[in-house]
Amino acid sequence: SWPHEAQKAQAIAARTFTLNKLKERRKNAFDVEATVMDQVFKYKKYESLSSSQKAVRETRGEFIANNLGIVEPIFYHASCGGATDGADKVFL
């Protein structure tokens, strides 16, 4: 039910997060964890993937970068409990 542009932004953030994890763990026997450590997604059969799949397709190859390359670290969360603090309060 999220607006399509928000889903596209989420796809780009998730892709950037994953690219960082791939780089960070390139010497490990695994890439990402299917836990909250790496933003697990548990699909429920009553949920429709079509809109999120469309967002992923439409942003294919897009990630967050600056003149130094892929931005790292990048953080996002599945649930904020209804409120968040500004970055200045979280990242001193």
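Definitions and limits used
Residues numbered from 1 in each chain as written. Predicted model: local features only at pLDDT ≥ 70, side-chain atom pairs only at ≥ 80, totals over all residues. Heavy atoms only, no water. Helix = DSSP H or I, 4+ residues; strand = E, 2+ residues; numbered from the N terminus. Buried < 20%, exposed > 50% of the residue type's maximum accessible area, 1.4 Å probe, protein only. Contact = heavy atoms within 4.5 Å. Areas by Shrake-Rupley, 256 points an atom, 1.4 Å probe, with all protein chains shown as cover. Patch = residues over 30% accessible without salt bridge, like charges linked within 9 Å, V, L, I, M, F, W, Y side chains within 5 Å. Salt bridge = Lys/Arg side-chain N within 4 Å of Asp/Glu carboxyl O.

Peer 1: Looking at this structure, how should I read the overall build of the protein?
Peer 2: Counting its regular elements, the protein contains three helices and two strands. Reading the protein from its N terminus to its C terminus gives the helix and strand order α-α-β-β-α. Out of the 92 residues in the protein, the part that is buried amounts to 17%. Within the protein, counting contacts between residues at least 6 apart in sequence, those at least 24 apart form 64% of the total. With the model as given, the accessible surface of the protein reaches about 7,600 Å², and the carbon-plus-sulfur share is 57%.

Peer 1: What is the right way to read a nonpolar patch on the surface from this model?
Peer 2: Together, Phe 75, Val 90 and Phe 91 line one region of the surface with nonpolar side chains, adding up to about 340 Å² of accessible area. Turning to its location among the elements, Phe 75 is positioned in the loop between strand S2 (69–70) and helix H3 (87–90).

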